[in-house]
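Architecture and fold: a report
Listed here are the chains, written in short residue letters.
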Amino acid sequence: GRDGVTYRLNKLIEKGPAIDDRGKAIANVAETRTAAREWGPTLRSQSSRDTMHLIVSAKAGTDVDALTRAARAFLHDRFADYKFMFGVHTDKEADGHIHVHAVVAVKSDSGQKLHPGRETFSEWRQVYAQHAQAEGLKIVATSARERASSQSYGPKDKAIVETMKERPSACTSSSLSKPSACR
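Read on for an overview of the structure. Being a predicted model, the structure only gives us computed values, none of them experimental. (Residues numbered from 1 in each chain as written. Predicted model: local features only at pLDDT ≥ 70, side-chain atom pairs only at ≥ 80, totals over all residues. Heavy atoms only, no water.)

**As for the overall build of the protein**
Tallying secondary structure elements over the protein gives 6 helices and 5 strands in all. When the helices and strands of the protein are listed from N to C terminus, the series reads α-β-β-α-β-α-β-β-α-α-α. Counting the 183 residues in the protein, one finds 34% classified as buried. Partitioning the intrachain contacts of the protein with sequence separation of at least 6 by distance along the chain shows that 66% fall at a separation of at least 24. (Helix = DSSP H or I, 4+ residues; strand = E, 2+ residues; numbered from the N terminus. Buried < 20%, exposed > 50% of the residue type's maximum accessible area, 1.4 Å probe, protein only. Contact = heavy atoms within 4.5 Å.)

**Some points on the sheet that holds strand β2 (residues 25–26)**
Here we have 5 strands laid out as an open sheet, ordered β2-β1-β4-β5-β3, and antiparallel in their pairing. The open sheet has two free edges, formed respectively by β2 and β3 (51–59), since each of these has just one partner strand. Across 2 bridges, strand β1 (residues 18–20) lies against β2 in antiparallel orientation. For Ile19, the partnering residue across the bridge sits in β2 and is Ala25. Along the sheet, helix α3 (residues 64–78) contacts β1, β3, β4 (84–89) and β5 (97–105); its crossing angle with β4, the most-contacted strand, is approximately 160 degrees. (Pairing = 2+ DSSP bridges. Axes fitted to C-alpha atoms, helices over the stretch in contact; angles between N-to-C directions.)

**Details of the environment of Thr6**
One can find Thr6 in helix α1 (residues 2–12). Owing to a relative accessible area of 13%, Thr6 belongs among the buried residues under this scheme. Remark: the alpha-carbon pair of Thr6 and Glu31, spanning 25 residues in sequence, is separated by 9.5 Å. Setting aside residues up to four positions removed in sequence, Thr6 forms contacts with Thr32, Arg33 and Ala36.

**Things to note about the pattern of salt bridges**
Evaluation of the coordinates by the stated rule reveals 6 salt bridges. In this structure, Asp20 and Arg22 form a salt bridge, with 3.2 Å as the shortest nitrogen-oxygen distance. For Glu123, the salt bridge is made with Arg78, and the minimal N-O distance between the two is 2.2 Å. Taken together, the residues Glu123 in helix α4 (residues 118–134) and Arg78 in helix α3 connect sequence positions 45 residues apart. (Salt bridge = Lys/Arg side-chain N within 4 Å of Asp/Glu carboxyl O.)

**Some remarks on the environment of Asp95**
Tracing the sequence through the fold places Asp95 in the loop between β4 and β5. Among the residues examined, Asp95 registers a relative accessible area of 61% and is labelled exposed.

**Notes on helix α2 (residues 29–39)**
The complete set of buried residues in α2 reads Thr32, Ala35, Ala36 and Trp39. Along the axis of α2, the buried residues cluster in a sector spanning 100 degrees; they form a single face. For α2, the N-terminal cap is Asn28; the gap from its side-chain oxygen to the backbone nitrogen of Ala30 is 3.1 Å. (Arc of directions from axis to C-beta. Polar contact = N/O pair within 3.5 Å; in protein donor to acceptor, adjacent residues only side chain to side chain.)

**Re the pairing of β5**
Taken across its 9 residues, β5 has 8 buried, putting it largely inside the fold. In the sheet, β3 pairs with β5 via 9 bridges, with the strands oriented antiparallel. Within β5, the position partnered with Leu54 by the bridge is Ala102. The sheet contact formed by β4 and β5 spans 6 bridges and is antiparallel. The residue of β5 that forms the bridge with Phe84 is Val104.

The following block contains the structure:
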C-alpha cells in the first residue's frame, strides 16, 4: 500500500536524491509522500508485493552520469508503463562498486502485473548491459551463478603473488648442476 511505497522511497533517498519515471528529482520525505500518493492507482491495497526492488551495479570509477543515463534508459525500456523511481549510490565505491537502486510498482498504469522469473531477470541483465554499453560503459550481463563459480582475486592473493615475485629463486642457473640444491 501507500505506506509501504512511502517507506521504500524514503529508504531510496537516504543516500541522495532519486529520480522518478518522469525525470523528476525526489529528495525529501514530503516528496516521497506525494509520489506514493501518485502511485496509488497502481497499488493493490496493503500487499507487500506492490513494489519490487532492483539493483544494477558497475565497477568503482565508472562515470556516474553515464551510469545514471544507462539506468534511466533501461528502466524506461523495460518499465515504461510502470511507476518507478531510482537512485545512484556511490557509498560502496571503496569496496569496488557503485550501484543503482530502483523501486518499481509491480502493477502498470494499464493494470498489467509483473511476474518476473529467471528468464526475465536474465533478459533484464542483457538489456541493462546494452544500455550501459551504449553509454560507453564496459558492463556485461552476468548472473549470480556465473559470478559464484569464479574464484575471487583479492588483496591476499595479490600479496602472495607479489611475495613470490620478490623472493629470490633457490634454483639459479649455477645451481642446476647440483640437483639437490633445487629441492
